[in-house]
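# Remarks on the overall topology
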Amino acid sequence: MDTVGQVYVVDIITGKKTLYADVGSPPLRPFWNAIDANGDMFVSRYNFDGTPGDVVRVECPGSYSSFVTLPDQPLAVAFDRAARLHVGTEAGNLYRCDKTGTCSVFADVATRGLAVAFDTGGDIYVSGGPVIRRITPAGVVSTFYDAVADGYDAIPALSFDPVSGDLYASGRTASTHRFHLMRFTGAERTVVVDWTAGEYITASALLFGEDGTLFISDQTNGRVLQRKAGVISTFVGGLDNVVGLAMGNMNTAPMVTANPSNQTVSPGQNATFTAAASGMPAPSVVWQVSSDGVSFTDIPNATLTTLTVAATNDLNGSKYRAVFSNACATATTQSATLAVTTLQVPP
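Figured I'd write up the structure that's included with this text.

About the cut-offs
Residues numbered from 1 in each chain as written. Predicted model: local features only at pLDDT ≥ 70, side-chain atom pairs only at ≥ 80, totals over all residues. Heavy atoms only, no water. Helix = DSSP H or I, 4+ residues; strand = E, 2+ residues; numbered from the N terminus. Rg over C-alpha atoms; globule rule 2.2 N^0.38 Å. Areas by Shrake-Rupley, 256 points an atom, 1.4 Å probe, with all protein chains shown as cover. Buried < 20%, exposed > 50% of the residue type's maximum accessible area, 1.4 Å probe, protein only. Contact = heavy atoms within 4.5 Å. Polar contact = N/O pair within 3.5 Å; in protein donor to acceptor, adjacent residues only side chain to side chain. Salt bridge = Lys/Arg side-chain N within 4 Å of Asp/Glu carboxyl O.

### A word on the overall build of the protein
Along the protein, the regular secondary structure elements total zero helices and 32 strands. The C-alpha radius of gyration computed for the protein amounts to 26 Å, which surpasses the reference 20 Å derived for 347 residues by more than 25%, pointing to a less compact arrangement than a globule. On the principal axes, the C-alpha backbone points of the protein span a range of 105 × 40 × 40 Å. Accessible surface, the protein: about 16100 Å² in total, of which carbon and sulfur atoms supply 51%.

### Details of the environment of Y46
Tracing the chain through its elements places Y46 in strand β4 (residues 41–47). For Y46, a relative accessible area of 18% puts it in the buried group. For the pair Y46 and F31, spaced 15 residues apart in sequence, the C-alpha separation works out to 6.4 Å. Ignoring anything within four residues of it in the chain, the contact list for Y46 reads P27, L28, R29, Q73, P74, L75 and E90. Side chain to side chain, Y46 and E90 meet in a polar contact 3.3 Å long.

### Some points on the pattern of salt bridges
Pairs may arise between side chains of opposite charge once their charged atoms sit close together. Applying the stated criterion across every chain yields a total of eight salt bridges. Note that R112 is salt-bridged to E90, the shortest N-O span being 2.8 Å. Linking R112 in the loop between β10 (103–108) and β11 (115–118) with E90 in the loop between β8 (85–89) and β9 (93–97), this pair joins segments that are 22 residues apart in sequence. Overall, the relative accessible area of 26% leaves E90 in the partly exposed class.

### Let's talk about unusual backbone geometry
Going from P26 to P27, the amide bond is cis rather than trans, its omega being 10 degrees. With respect to the helices and strands, the residue P27 is situated in the loop between β2 (17–22) and β3 (28–35). Cis geometry marks the peptide bond from M280 to P281, where omega comes out at 0 degrees. Positionally, P281 belongs in the loop between β26 (276–280) and β27 (284–290). Within the chain, A110 stands out as a residue other than glycine whose phi angle is a positive 55 degrees. Residue N301 is not a glycine yet carries a positive backbone phi of 65 degrees.

### Observations concerning the side chain of S290
Tracing the backbone shows S290 in strand β27. The exposure class of S290 is buried, given its relative accessible area of 2%. One polar contact links the side chain of S290 to the main-chain amide nitrogen of G293, over a distance of 2.7 Å. When neighbours within four sequence positions are excluded, S290 is seen to be in contact with S295, F296, S318 and K319.

Geometry only, nothing functional implied.
Take a look at the structure:
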């Protein structure tokens, strides 16, 4: 996602990017994003005219709706294991929201909420200024790391390695405004990548994949880097001022992947039509029939990807198609024709 408001979906295998939605609406600036288990993306938007910002929900490609407007400017958003949305803010409040958009302050962390991450024990880590706070499930706040003594003026990104359990953070040096990538094993800190020399890289967001690959948002250069087995390379480029990163299965409209084929049978035999479609959530299906190929009607209880028709002479020439639907859209297959032939007995 970039600061203009364009949300891209990137194939984790091929690196191919596709524009999914545009949530930009000046003076609202998209800041961070997170994906829930249902495939909905939640995007925080910072309002630069000074009025409250909001969080919007992107349920389908190209469309979004308001989820909640907060009294403060929202920054980082993240879901915990209980599917509750947490929102860090400019004023240092950490909000917790339920599925209906009812939000309340869970903790005052006294630092900008540029990043929110969860460990396996349920503790929440929030960073933004030169500090990382840790919040217990009971809401008790403590300082996990004070970065000032180590020369940092901001900790803009956090992410836990699912393989090792270590916390990774990006730190901006106060002297040069260049970045380090740090690893915390417990309280022990190690600088694993030093970007204070050479090409200027802005590590504004961190996100681990399930296999331990670390994705890094390089905001200045409009790209996403990946760190795999200690080697950093470009995962996807050609982006505009990229900021937030999120991983999950996004909702997509149905797409027909298999059309039914024409069938020729004799009276009394069964004709079988098969169709398939992809989509998230998985699309439902209903079969339709037409006698003229123009007007189609639903077939009662025909809701499987395979349709079996008992052939009779009066069904000769009938056309069948499948309509796939989910919350995002519908997709209709090509129609297939049933030919019912009668064996001709020579005189």
